Every structure is written in C-alpha cells, then in structure tokens.
Amino acid sequence: MKAGKNPIITSIYTADPAPMVDGDTLYLYTTHDEDELVDNFYTMNDWRLFSTKNMVDWEDHGRIFSLDDIPWADARAWAPQAIKRNDKYYLYCPVHKKDSGMAIAVGVSDKPEGPFVNIGEPLVDEGDWNDIDPTVFIDDDGQAYLYFGNPELRYVLLNEDMVSYDKSIGVVKVPMTVESFGAGSHDTGTSYAEGPWFYRRNNLYYMVYAAFGVDKKTEHLAYATSSSPVGPWKYGGVLMTEEGGTFTNHPGIADFKGHSYLFYHTGQLAGGGLFHRSVCVAEFKYNADGSIDTIPKCDHVEEV
Ligand code: FUB
C-alpha cells in the first residue's frame, strides 16, 4: 500500500484547496502563490488543477483559468470552488476588480480540466470587499446555494443556469452570532473569518470555515451545522487547530472512495510561509451524530 505525502504539490506553491469528485477521479482546484511577490502581498494570477484516482499519484493539469481570462479583473485570483451541473463545470472565483473591490467571477467549461470561459460580468458584485471565497452546493431539490464572505457570511440562491442568482431575494446576510460561529476575534465578534465550505451529509448541513479564536492572529478551522441549508447555524467546534507557518488556512471537504478528507493549506513546503503556502490533506471520520472531532495535522494519507 502506497502513502501520499503532505504537502500534496511540491512543484509550486498552492493554497485554498477545492476538491470536486467526478466519477472515479478527485479533482483538486487550487490557487497559486507566485514565487515573486508584488508589493510584498499575495501575488496570485491563476487557478491550477490537479487530479488523482488513488490519493497518492497526482496529475498536474496546469493553469485552467486566470486573470487574463477576466477582462474586468486585475489581481487576486483567490479561493475558488468548482461544481458540475448538467454536464457542465462551473468554477467560482473571487478576484480584484480594476475599479476597486472584490467580486466573484464564473468560468464555465465542458470538462473539469477546462478550458474555462468567463461568463462576462461578475456574478456577485456588492461593491465592497466581502465578496470572496465562494462555496457552492446543489441540494437534492435542485436549489443551488453560493455562500461567500469575509468578514460576513452571505449567500445567494443560484438559478438553474448556475451563472445568475435570484435577484428578488438578493444577497442574504447570515446573522453572525456566537451561537452560530463561536466566540472569536474577527470583525463580527465571532470566530468566523473566511473560506466557507458548504455541503450536506445525510440530513445535516455543514459550514466549515477559517476562524480566528479569541485574541488569535492565526486562523484555525472550525465548523457549524444546521438542519436547513439557510441556517440557523449552530457552532460545532474546532476542526483543525492553528497550523502555523502561515496565518491563513482554508478548508475543502470531500468524500472519495468511501473515505472523508479535509484539504487545507500550510506554509510547510521548503521556502514557504505567509504568501507561499502549500496544499495538504488529512483523512477524518464523522461521529455517529454527525459531529467531527478536531482533526490532527497529518503527514500522509493512504492509497485508496
Ligand atoms: O488565498 C487568498 C485568500 O487567503 C483566500 O481567499 C482566503 O481564504 C485566504 O486563504
């Protein structure tokens, strides 16, 4: 039995892992921290794709979407998520707009590995800086949800075309309460910071997210659950403690071949740190009631 070692990708710096299972393959969309920094800040120009059939051997599909494909964007190719619907693949990507602020772009493709084509205008553009880190999920009744946001968690109800949303409902702001997201030191006074990952398992909806504990300056991962896709959310606890080496972390959850995985990022690749992160993975198990114990950082996963 082979073992896959962390970090998964060692050829470039990657962050913000977004797994998507399609058939017998797990696709892992990531951001890409450039080696050379501009203005000593996140320097991120494109989105990358890697895939595996056994969690050990990874195929590098290279750049699958980039700022060059989005005429109204000029920087910050930040945390994406992809989903399949009606044999098309949709990649939701936060970017910095040329005329200021962050907004969410969408790329559409006939194949998971692209090429992705920008739909044109931003999907979500509230004119503020909260429009980052989209997470998308389609429920059994066909309703698709796009949650996003830092420091507030917000969502829209996507239309069936997946590239527009119900404007009569608009952007809904989730009540940011300690009951929902735990006590913390981010702007809302809760632990919720960014990087939401929304999904359902059995009859429980999960919101996994990057979080700041009280007086903490480094993110950990935490989660909340709900019996409804739109809350109210109930704080569940810490999923992964602060890993160090970089102040951000970012969750991506997937079930693949009978195993459950948490993807995250650290600064542990040689030369890594704040703006040079690397994607890792840990296997975990759910408790019988759906709760999840804190997942230890791990250095490898088994072949499946
Ligand atoms: O990678 C850029 C930003 O840092 C992401 O959008 C956040 O989730 C954090 O990881």
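Residues numbered from 1 in each chain as written. Predicted model: local features only at pLDDT ≥ 70, side-chain atom pairs only at ≥ 80, totals over all residues. Heavy atoms only, no water.

Caption draft 1: Representation of the packing of aromatic side chains within the structure. In total, this model carries 25 aromatic pairs according to the counting rule given. On the basis of an interplanar angle of 80 degrees and a centroid distance of 4.8 Å, the ring pair of Tyr42 and Phe275 is categorised as edge-to-face. Here Tyr42 is found in the loop between β3 (25-33) and β4 (46-52), whereas its partner Phe275 is found in the loop between β20 (259-266) and β21 (278-284), with 233 residues between them in sequence. Side by side, Tyr42 and Phe275 carry an identical accessibility label, which is buried. Aromatic ring contacts, followed pair by pair, group Phe137, Tyr145, Tyr147, Tyr155, Phe198, Tyr205 and Trp233 into a single cluster. Across from the ring centre of Tyr165, 4.8 Å away, lies the NZ or CZ of Lys167, which sits over that ring. Note that Arg201 overlies the ring of Tyr286, its terminal NZ or CZ placed 3.8 Å from the centroid. (Phe/Tyr/Trp six-rings, centres within 6.5 Å; stacked < 30°, edge-to-face > 60°. Helix = DSSP H or I, 4+ residues; strand = E, 2+ residues; numbered from the N terminus. Buried < 20%, exposed > 50% of the residue type's maximum accessible area, 1.4 Å probe, protein only. Lys NZ or Arg CZ within 6 Å of the ring centre and 35° of its normal.)

Caption draft 2: Broad picture of the confidence of the model for the protein. Considering every residue of the protein, the mean pLDDT works out to 97; 100% of them sit at 70 or more. The least confident element of the protein is strand β1 (residues 3-5), whose mean pLDDT is 89; the most confident is strand β12 (residues 144-148), at 99. (pLDDT = per-residue confidence, 0-100.)

Caption draft 3: Here's a closer look at the state of the cysteines. In this structure the tally under the stated criterion is zero disulfides. Its sulfur unpaired, Cys298 is 7.9 Å from the next cysteine sulfur, which belongs to Cys280. (Disulfide = S-S within 2.5 Å.)

Caption draft 4: Representation of the sheet that holds β3 in the model. In space, the four strands of this open sheet follow the order β2-β3-β4-β5, with antiparallel pairing throughout. The open sheet is flanked by β2 (13-22) and β5 (58-66), the only strands paired with a single partner. Pairs of neighbouring strands in the sheet enclose a mean axial angle of 25 degrees, with direction left out of account. (Pairing = 2+ DSSP bridges. Axes fitted to C-alpha atoms, helices over the stretch in contact; angles between N-to-C directions.)

Caption draft 5: Expanded view of the site of the ligand. As a matter of local geometry, the ligand sits amid Asp16, Met44, Trp78, Ala79, Asp133, Glu194, Thr248, His250, His265 and Arg277. The contact in question runs from an oxygen atom of the ligand to an N or O atom on the side chain of Asp16, over 2.5 Å. His250 places a polar side-chain atom, nitrogen or oxygen, 2.8 Å from an oxygen atom of the ligand. Within the complex, 98% of the 270 Å² of free accessible area of the ligand lies under protein. (Near = heavy atom within 4 Å. Polar contact = N/O pair within 3.5 Å; in protein donor to acceptor, adjacent residues only side chain to side chain. Areas by Shrake-Rupley, 256 points an atom, 1.4 Å probe, with all protein chains shown as cover.)

Caption draft 6: Main features of the pattern of salt bridges. Within this structure, the stated rule accounts for 18 salt bridges. Its salt-bridge partner being Asp33, residue Arg277 comes within 2.8 Å of it at the nearest N-O pair. Remark: Asp33 occurs in strand β3 and Arg277 occurs in the loop between β20 and β21; sequence separation between them is 244 residues. What makes Arg277 buried here is its relative accessible area of 3%. (Salt bridge = Lys/Arg side-chain N within 4 Å of Asp/Glu carboxyl O.)

Caption draft 7: Seen up close, the side chain of Lys97. Looking at where Lys97 falls in the secondary structure, it is placed in strand β8 (residues 88-97). If sequence neighbours within four positions are ignored, Lys97 has contacts with Trp72, Ala73, Asp74, Ala103 and Asp125. (Contact = heavy atoms within 4.5 Å.)

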